[in-house]
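Listed here are the chains, written in short residue letters.
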Amino acid sequence: MKPIGVVICNYNKRDFVLECVQSVLESREQNFDIFVVDNASTDGSVEALNNTYKEEITILANSENLGGSGGFNTGLRVVRDRGYEYFMCLDDDALVDENAISVLYKYMESH
């Protein structure tokens, strides 16, 4: 099992969330799984994520908009229950530097 669970919370930001996922996938560190929590988007976010990243991510679709905290809680519960050692939360409009996950992971492992 990979040690890092990356949780991305999305609500109606289809283009942003696609770029966010792509930036995570381009990380030098690849020891993670990605979980995108969608808060009942109406802009085709879930369909676009499925069409583009179906094999690389897990989509957790909420039936209503639970806001940022509710969306992250949905994802964090899944990551915790699956036994990931480290959790990373990202907003749908964040972009990750290719070295960010590696630096954070190495820091956590050494401390």
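Thresholds applied
- Residues numbered from 1 in each chain as written.
- Predicted model: local features only at pLDDT ≥ 70, side-chain atom pairs only at ≥ 80, totals over all residues.
- Heavy atoms only, no water.
- Buried < 20%, exposed > 50% of the residue type's maximum accessible area, 1.4 Å probe, protein only.
- Helix = DSSP H or I, 4+ residues; strand = E, 2+ residues; numbered from the N terminus.
- Arc of directions from axis to C-beta.
- Contact = heavy atoms within 4.5 Å.
- Core = buried A, V, L, I, M, F, W, Y, C linked by side-chain atoms within 4.5 Å.
- Polar contact = N/O pair within 3.5 Å; in protein donor to acceptor, adjacent residues only side chain to side chain.
- Salt bridge = Lys/Arg side-chain N within 4 Å of Asp/Glu carboxyl O.

Undergrad: Just checking my understanding: could you explain helix H4 (residues 100-110) for this structure?
TA: Every α-helix winds through 3.6 residues per turn, so residues three or four apart in the chain are directed the same way. Every buried residue belonging to H4 is among Ile-101, Ser-102 and Tyr-105, and all of these are buried. For H4, the angular spread of buried residues about the axis comes to 95°, placing them on one side. Facing away from the buried side of H4, by more than 90 degrees, are the exposed residues Val-103 and Ser-110. Where H4 is buried, its residues touch strand S1 (4-10), helix H1 (14-25), strand S2 (32-39) and strand S4 (86-91).

Undergrad: Any chance you could explain unusual backbone geometry here in plain terms?
TA: Only a minority of non-glycine residues have a phi that is not negative, and only a minority of peptide bonds are not trans. Of note, the phi angle at Asn-12 is positive, near 55°, even though the residue is not glycine. Structurally, the position occupied by Asn-12 is in the loop between S1 and H1. Overall, the relative accessible area of 27% leaves Asn-12 in the partly exposed class. In this structure, Ala-40 is a non-glycine residue whose phi angle is positive, near 60°. Within the element layout of this structure, Ala-40 appears in the loop between S2 and helix H2 (45-53). The exposure class of Ala-40 is partly exposed, given its relative accessible area of 25%.

Undergrad: What is the right way to look at the nonpolar core in this model?
TA: Within soluble globular proteins, side chains that are nonpolar generally end up buried alongside one another. Counting 21 residues, the largest nonpolar core has Val-6, Ile-8, Val-24 and Ile-34 as the members making the most contacts within it. Counting only elements with at least two residues in this core, the list comes to S1, H1, S2, H2, S4 and H4. Among the elements that take part in this core, H1 stands out by supplying five residues, more than any other. What Ile-8 contacts, discounting residues up to four positions off in sequence, is Val-17, Cys-20, Val-21, Val-24, Ile-34, Phe-35, Val-36, Val-37, Leu-90, Asp-91 and Asp-92. The next biggest cluster of nonpolar side chains, apart from the first, holds eight residues, and it includes Val-7, Cys-9, Leu-60 and Val-79.

Undergrad: How should I be thinking about the side chain of Asp-92 in this particular structure?
TA: In this fold, Asp-92 is placed in the loop between S4 and H4. Looking at Asp-92, the relative accessible area reads 7%, which means it is buried. At 3.2 Å, the side chain of Asp-92 forms a polar contact with the backbone nitrogen of Tyr-11. When residues no more than four places from it in sequence are discounted, the contact partners of Asp-92 are Ile-8, Cys-9, Asn-10, Tyr-11, Lys-13, Phe-16, Val-17 and Cys-20.

Undergrad: Mind showing me how you'd approach the pattern of salt bridges here?
TA: Here the idea is simple: oppositely charged side chains can pair when their charged atoms come close. All chains considered together, the criterion is met by six salt bridges. Linking Asp-92 and Lys-13 is a salt bridge whose minimum nitrogen-to-oxygen distance equals 3.8 Å. Taken together, the residues Asp-92 in the loop between S4 and H4 and Lys-13 in the loop between S1 and H1 connect sequence positions 79 residues apart. One connected set of salt bridges, linked through shared partners, spans Lys-13, Asp-92 and Asp-93.

By themselves, these are just geometric observations and shouldn't be taken as functional.
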